[in-house]
There are 2 protein chains.
Amino acid sequence: MQLLETVNTLREQLALARRAGKSIGLVPTMGALHEGHASLIRAAAAENDVVVVSIFVNPTQFGPNEDLAAYPRTLEKDMAVAKEAGAAIIFHPPVKEVYPDGNATWVDVEGPLTAGLCGRSRPGHFRGVTTVVSRLFNIVRPERAYFGQKDAQQVQVLKRMAADLFFDIDLRIQPIVREADGLAMSSRNTYLSPVERQAALILSRSLAEAKRLVAAGERNTAAIEKAVAAFIQTEPLATIDYIELVHPSDLARRETLTDTSLLALAVRIGKTRLIDNTFLEVS
Amino acid sequence: MQLLETVNTLREQLALARRAGKSIGLVPTMGALHEGHASLIRAAAAENDVVVVSIFVNPTQFGPNEDLAAYPRTLEKDMAVAKEAGAAIIFHPPVKEVYPDGNATWVDVEGPLTAGLCGRSRPGHFRGVTTVVSRLFNIVRPERAYFGQKDAQQVQVLKRMAADLFFDIDLRIQPIVREADGLAMSSRNTYLSPVERQAALILSRSLAEAKRLVAAGERNTAAIEKAVAAFIQTEPLATIDYIELVHPSDLARRETLTDTSLLALAVRIGKTRLIDNTFLEVS
């Protein structure tokens, strides 16, 4: 496995691979790799000859009061995880390589896809995501790129961006990977104290509670959201950022569940903001 | 020469060309082709195996009170011009092909490059340009793309966009092509009445006047701009939009000319807004 830090060296390696007829898969990450990332890398390795894992803590997707400086950076461990899962290249550029002097160009998905959910509580976040991912797409020019369903809104935003800008790249979305007790894997889980770690289970449990309600026949969106909120409020360490039950593609709210819906939530456990989501199937 | 109207048919043809080892040059236009466009196409034909000329009157780069509906559309003639100059493919998509349903993604160069000059009088214009050109770049994936120096600010904005977003495309800038009497070629020249056509010469003549001033030793930016303004105001049909003497790359104004500078102007002749520019060399 190679560790590359510049766009030029990466492009040289990828040109060689392409000339040899090899397909390229890209797994964009911010590092602090966990089993969720490993599942993306394994999926990429199964479908591509060469897997590039980018590790880049992208400053433009963090708000001014967010955890950019504190975000975990664990390159040595990340390299071991990526290699084990089948990566051929780690692309780990410094900030100035991705955002050179005089940088001025932004890629922005406007409208309902970025207005609600995390877009409401993290203004500018998705603009940073689409800006960096469009750069990575052009730098790597992969056949396929891998993203986790954990970031459900990001998935829809990136699908829209890729379609609108005619990126000839197949976006392959992989299911959420959870700890044995249900906690969705996240690099931010490392922020949690043992007590908070236990309290964080309220997220996945509240999703299970919503599934029970739907299975019992509940179809009213507001009623389900209200029940989930009440469930989460039983946990004293939890502060709700949002709970939204939306259409899984357009992320717009419907009064009544008539088809598969996406229940997405963001909850602070102490100071740590966690997200989780699940599809609610209406049979 | 082929006329193609969908992204898919174009991509099929380009995939064949690429598989045959052919290089691809792109000349993005809004049609109403004149000798300026022909010079771009000829330059592309000299440097590439396959030349794609896109003809697309891009709605997103027109302001609400601009000439989108009136913009000349002359496909038959354009095809003859393009073929004669060496184009292999005309890509002439309908609007819904470039901006499909639910379109939401914008590419935007922020800051000084788009703030002044035409950016001031045409808010949103460059955002439309970078949005459509980034799409065309991803649709065609050319080795080289050709633009005219006539649109001096557009050239710098697109260079910035291509660099920032890591488009692996060489931007080849071609000199302004002028009529025998000095008028810069423009699709909008067709709007001019015979009397206005004569009055429009004030643009290129004012650039020549500035060159004379610099040759005579004038180095003060404001003095040159003022002299050019006074010169243009001798023409009763002319209304100045802007006259700016700036650095040719960053488009920022300097108090004094110390190096090659760009003199750019936009002037209305009757209702028709024309632009022109020249480099002022300081020996």
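Residues numbered from 1 in each chain as written. Chains lettered and ligands numbered in written order. Predicted model: local features only at pLDDT ≥ 70, side-chain atom pairs only at ≥ 80, totals over all residues. Heavy atoms only, no water.

> Sorry if this is basic, but what is going on with helix H10 (residues 201-215) of chain A here?
At 3.6 residues per turn, the α-helix brings residues three or four places apart onto the same side. Residue and element names in this part refer to chain A. For H10, with 15 residues, the first-to-last C-alpha span of 21 Å sits near the 21 Å given by 1.5 Å per residue. When H10 is considered as a whole, its buried residues turn out to be Leu201, Ile202, Leu203, Ser204, Ser206, Leu207, Ala210 and Val214. Buried residues in H10 make contact with helix H9 (194-199), helix H11 (221-232), strand E8 (238-246), strand E9 (261-269) and strand E10 (272-280). (Helix = DSSP H or I, 4+ residues; strand = E, 2+ residues; numbered from the N terminus. Expected span 1.5 Å × (residues − 1). Buried < 20%, exposed > 50% of the residue type's maximum accessible area, 1.4 Å probe, protein only. Contact = heavy atoms within 4.5 Å.)

> Would you take a moment to explain the pairing of strand E3 (residues 50-55) of chain B for this structure?
In the case of a regular strand, side chains alternate between the two sheet surfaces. All names here are of chain B. In terms of burial, E3 is a largely internal element, six of the six residues being buried. Residues Val50, Val52 and Ser54 point to one face of E3 and Val51, Val53 and Ile55 to the other, with burial holding for every one of them. The pairing of strand E2 (residues 24-29) with E3 spans six bridges and is parallel. Each bridged residue has a counterpart across the sheet, and for isoleucine 24 the counterpart in E3 is valine 50. (Pairing = 2+ DSSP bridges.)

> How should the side chain of threonine 131 of chain B be read in this particular structure?
Residues and elements named next belong to chain B. Structurally, threonine 131 is set in helix H7 (residues 125-140). Classification of threonine 131 as buried rests on a relative accessible area of 1%. Not counting residues up to four positions away in its chain, the partners in contact with threonine 131 are Tyr99, Thr105, Trp106 and Val107.

> Whenever I open this one, the packing of H10 of chain A against H11 of chain A confuses me. Can you help?
Pairs of packed helices are described in terms of their axes, by the angle between the two and the distance that separates them. All names here are of chain A. Two elements in contact, H10 and H11, have axes separated by 9 Å at closest approach and are oriented at 145°. For the pair H10 and H11, the crossing hand works out as right-handed. Mapping the contact onto sequence places Ile202, Arg205, Ser206, Glu209, Ala210, Leu213 and Val214 in H10 and Ile224, Ala227, Val228, Phe231 and Ile232 in H11. (Axes fitted to C-alpha atoms, helices over the stretch in contact; angles between N-to-C directions. Left-handed = near helix turned anticlockwise from the far one by under 90°.)

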